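Remarks on the overall topology
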Amino acid sequence: MKKQTIPIEQLARLRRIRGLARLMDTALRIPGTRVSLGADSVLGLIPGIGDFGAAAVSLFIVNEARRLGVPNDKLLKMLVNVGFDTVAGSVPVVGDVFDVYFKSNRRNLQLVLDHFGLDQADPDRSR
């Protein structure tokens, strides 16, 4: 797909999505490994409300994608990712390990970038 010229307002929204996805899924790397985790994994340790707080941030990302004009079929895939992450992540102990490996926000970011024909670095480049 040919890369599109993205208006500055949309670039700001894409950068926001990318920053939140990184914060939620890959902000911290475990030294000596290739494993990274983010706030989603940490919030999941809080019984009862942690996974739903993480889901709220994930739903904000989906809403930003909607505001960017991402089509409904991709939005549905994004919602399935969030739902799967929330349900599986809410299982004690196993869910916490699951959150480290299933990075729904990064998956959703990739769906948005693919829609626009962009790669991870493109939102940083000038129009």
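The numbers attached to residues start from 1 for each chain and follow its sequence in the written order. Per-residue local features of the predicted model are confined to residues with pLDDT of at least 70, and side-chain atom pairs are confined, for both listing and counting, to 80 or more; whole-chain, interface and lining totals are unaffected and use all residues. For side-chain calculations, the full set of non-hydrogen atoms in the structure is used, while hydrogens and water are omitted.

**A word on the packing of aromatic side chains**
How two aromatic rings sit relative to each other is set out by the distance from centre to centre and by the angle between their planes. Any two rings among Phe, Tyr and Trp, with Trp reduced to its six-membered ring, count as a pair given centres within 6.5 Å; such a pair is stacked if its planes are under 30 degrees apart, edge-to-face if over 60, and tilted if neither. In the structure shown here, the tally under the stated rule is 3 aromatic pairs. Relative to Phe98, the ring of Phe84 has its centre 5.3 Å away and its plane inclined at 90°; by these criteria the two rings are edge-to-face. Note that Phe84 is positioned in helix α4 (residues 72-89) and Phe98 in helix α5 (residues 94-101), a separation of 14 residues in sequence. With a centroid separation of 5.1 Å and an interplanar angle of 85°, the aromatic rings of Phe84 and Phe102 are classed as edge-to-face. Of this pair, Phe84 sits in helix α4 while Phe102 sits in the loop between α5 and α6 (104-116), and the two are 18 residues apart along the sequence. Among the aromatic side chains, those forming a connected cluster through ring pairs are Phe84, Phe98 and Phe102. The way it works is that DSSP assigns letters per residue, a run of H or I at least four long becomes a helix, a run of E at least two long becomes a strand, and they are numbered from the N terminus.

**Regarding the environment of Thr33**
Counting through the fold element by element, Thr33 comes out in the loop between β1 (28-29) and β2 (36-37). Throughout this description, a polar contact denotes any pair of N or O atoms lying within 3.5 Å of each other; where both atoms belong to protein, one of them has to be capable of donating a hydrogen while the other can accept it, and for residues adjacent in sequence the pair is counted only when both atoms sit in side chains. Of the polar contacts made by the side chain of Thr33, one reaches the backbone nitrogen of Val35; its length is 3.1 Å.

**What about the pattern of salt bridges?**
What counts as a salt bridge is simple: a side-chain nitrogen of Lys or Arg found within 4 Å of a carboxyl oxygen of Asp or Glu. Considering all chains together, one arrives at 3 salt bridges under this definition. The shortest N-O distance in the salt bridge between Arg13 and Glu64 comes to 3.0 Å. Of this pair, Arg13 sits in helix α1 (residues 8-25) while Glu64 is found in helix α3 (residues 50-68), placing the two residues 51 residues apart along the sequence. Exposure categories follow from relative accessible area, calculated using a 1.4 Å probe and restricted to protein chains: below 20% of the type maximum is buried, above 50% is exposed, and the middle band is partly exposed. Residue classification places Arg13 among the buried positions, given a relative accessible area of 16%. Between Glu64 and Arg67 there is a salt bridge whose closest N-O contact spans 3.6 Å. Placement of the pair is Glu64 and Arg67 together in helix α3, with a separation of 3 residues, close to one helical turn.

**Comments concerning a nonpolar patch on the surface**
Residues enter a patch when their relative accessible area is above 30% and they make no salt bridge; the linking distance is 9 Å between like charges and 5 Å between nonpolar side chains (Val, Leu, Ile, Met, Phe, Trp, Tyr). Every accessible area reported is derived by Shrake-Rupley at a probe size of 1.4 Å, with residue values counting cover from the shown protein chains alone. Taken together, the side chains of Leu59, Leu76, Leu79 and Val80 define a hydrophobic patch exposed on the protein surface, amounting to about 360 Å² of accessible area. Sort the elements by how many residues they give to the nonpolar patch and α4 lands first, with 3 residues. On the accessibility criterion, Leu79 (40% relative accessible area) is partly exposed.

Shape descriptors only; they carry no functional weight alone.
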